[in-house]
Amino acid sequence: MQDYKLVIFDWDGTLMDSVDRIVSSMQSAAKTVGLALPSYDDAKQIIGLSLPVALKELFTGITAKQIEAMLVQYKYQYLEGDNTPTPLFDNALTLLTELKQSGKLLAIATGKGREGLNRVLGVSNTEHFFDTTRCSSEMPSKPDPQMLLSILTELSVAPHEAIMIGDTSHDLKMAQAAGVDSIGVTFGVHSKQVLEQYQPKATVDSLTQLRHLLV
């Protein structure tokens with residue numbers, strides 16, 4: 001697996017331990033807007049999707065007005081109202097550094113919006129690692145393959161020369177649709193059993209294990 005030219009990462013639940021904060025922010029936003037409070041597990045399942053798509057899946061019958069209110073409230077809760085820590089996973093910086101030093105191209109394909117991604121890249125001081133990034137505010141939501149196809153085109157990389165790293169079925173389904181290999185990580189949203197339904201090249205339980213595969 002060390003021959004891939006391009007390594008594409010999901011962000012939440014893959015490089016950053018932000019699942020708990022996303023869920024609690026979603027629950028707080030729902031309470032404020034007057035929607036039924038989603039369970040932890042239900043809110044967790046929509047991570048990786050663009051927010052409008054996620055809201056429609058999470059809240060049956062949600063109206064356009066409620067979606068608009070939820071977008072405002074979720075953004076407020078995630079940025080200001082919620083103080084749940086969102087550190088990078090252990091060894092994320094080591095992995096990114098060694099991949100870059102080995103000459104790999106690196107990219108991000110995330111369900112975050114552009115403003116949110118730029119903020120966390122700045123907070124984590126990781127922007128310089130990535131040759132390009134794609135967000136749900138610019139592209140169709142996962143599992144649509146357009147994010148990956150756009151990255152491949154920009155970086156002049158063939159599908160078989162790239163690999164997608166992600167923690168959800170949305171990531172791995174997107175990779176399948178784009179003809180790109182994938183590796184599932186089990187420390188984010190979905191379990192090994194769920195991820196392996198989408199034929200990843202491997203599943204790993206830590207970024208250290210991922211490093212051993214790719215570097």
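Here the structure is shown first, and the text comes after it.
Every value quoted in this text rests on a predicted model; they were computed, and no experiment measured them. (Residues numbered from 1 in each chain as written. Predicted model: local features only at pLDDT ≥ 70, side-chain atom pairs only at ≥ 80, totals over all residues. Heavy atoms only, no water.)

## A few points about the pattern of salt bridges
In step 1: Tallied over the full model, the rule gives 9 salt bridges.
In step 2: Close ionic contact of Glu98 with Arg211 constitutes a salt bridge, the shortest N to O distance being 2.5 Å. Here the residue Glu98 occupies a position in helix H5 (residues 92-101), and Arg211 occupies one in helix H10 (residues 207-214), the gap between them amounting to 113 residues.
In step 3: Here Glu154 makes a salt bridge to Arg134, at a shortest N to O gap of 2.7 Å. In this pair, Glu154 sits in helix H7 (residues 146-155) while Arg134 sits in strand S3 (residues 132-135), placing the two residues 20 residues apart along the sequence.
In step 4: For Glu154, a relative accessible area of 43% gives the class partly exposed.
In step 5: Owing to a relative accessible area of 9%, Arg134 belongs among the buried residues under this scheme.
In step 6: Residues participating in the shared-partner salt-bridge network are Asp10, Lys142 and Asp171. (Salt bridge = Lys/Arg side-chain N within 4 Å of Asp/Glu carboxyl O. Helix = DSSP H or I, 4+ residues; strand = E, 2+ residues; numbered from the N terminus. Buried < 20%, exposed > 50% of the residue type's maximum accessible area, 1.4 Å probe, protein only.)

## With respect to the packing of H7 against helix H8 (residues 169-178)
In step 1: The N-to-C vectors of H7 and H8 enclose an angle of 55 degrees; their axes lie 8 Å apart at closest approach. The angle between the axes of H7 and H8 places the two elements in the oblique class. For the crossing formed where H7 meets H8, the hand is right-handed. Between H7 and H8, the residues in contact are Met147, Leu148 and Leu149 and Met174, Ala175 and Ala178, respectively.
In step 2: Of the residues assigned to the contact of H7 with H8, the class counts are 6 nonpolar, no polar and no charged. (Axes fitted to C-alpha atoms, helices over the stretch in contact; angles between N-to-C directions. Parallel < 35°, antiparallel > 145°, perpendicular 65-115°, else oblique. Left-handed = near helix turned anticlockwise from the far one by under 90°. Contact = heavy atoms within 4.5 Å. Nonpolar A, V, L, I, M, F, W, Y, C, P; charged D, E, K, R; others polar.)

## Side note on unusual backbone geometry
In step 1: The omega torsion of the bond from Lys142 to Pro143 falls at 10 degrees, within 30 degrees of zero and hence cis.
In step 2: Locating Pro143 in the fold gives a position in the loop between S3 and H7.
In step 3: Located in the positive-phi region is Ser156, a residue other than glycine, with phi close to 55 degrees.
In step 4: Looking at the secondary structure, you find Ser156 in the loop between H7 and strand S4 (162-166).

## Section: the pairing of S3
In step 1: On S3, burial covers both faces: Thr132 and Arg134 on one face and Thr133 and Cys135 on the other are all buried.
In step 2: Direction of pairing for strand S2 (residues 105-110) relative to S3: parallel, over a ladder of 4 bridges. Each bridged residue has a counterpart across the sheet, and for Ala107 the counterpart in S3 is Thr132.
In step 3: As for the winding sense of the linkage, the β-α-β connection from S2 through helix H6 (residues 114-124) to S3 is right-handed. (Pairing = 2+ DSSP bridges. Right-handed = clockwise from strand over helix to strand, strands pointing away.)

## With respect to helix H1 (residues 19-33)
In step 1: If you check H1, its first and last C-alpha atoms are 21 Å apart, about what 15 residues at 1.5 Å a residue would give, namely 21 Å.
In step 2: Val19, Arg21, Ile22, Val23, Ser24, Ser25, Met26, Ala29 and Ala30 are the residues of H1 that are buried.
In step 3: At the exit of H1 stands Gly34, carrying a positive phi of roughly 95 degrees. (Expected span 1.5 Å × (residues − 1).)

## Description of the packing of aromatic side chains
In step 1: Tallied over the full model, the rule gives 2 aromatic pairs.
In step 2: Taking the ring centre of Tyr78 as reference, the NZ or CZ of Arg21 above it sits at 5.0 Å. (Phe/Tyr/Trp six-rings, centres within 6.5 Å; stacked < 30°, edge-to-face > 60°. Lys NZ or Arg CZ within 6 Å of the ring centre and 35° of its normal.)

## Focus: the nonpolar core
In step 1: By size, the foremost hydrophobic cluster in this structure holds 28 residues, and its most contacted members are Phe9, Trp11, Phe130, Ile165 and Leu210.
In step 2: For this core, the secondary structure elements donating two or more residues are strand S1 (6-9), H5, S2, H6, S4, strand S5 (181-185), strand S6 (202-204) and H10.
In step 3: Considering each element in turn, this core owes the most residues, 4 residues, to H5.
In step 4: Excluding anything up to four places from it in sequence, Trp11 contacts Met16, Leu88, Ile108, Thr110, Lys112, Leu117, Val120, Leu121, Ser124, Thr126 and Phe130. (Core = buried A, V, L, I, M, F, W, Y, C linked by side-chain atoms within 4.5 Å.)

## Concerning the side chain of Arg134
In step 1: Among the polar contacts made by the side chain of Arg134, one reaches the side chain of Thr132 at a distance of 2.8 Å.
In step 2: Those residues in contact with Arg134 that lie beyond four places of it in its chain are Ile108, Ala109, Thr110, Arg114, Met139, Met147, Ser150, Ile151 and Glu154. (Polar contact = N/O pair within 3.5 Å; in protein donor to acceptor, adjacent residues only side chain to side chain.)

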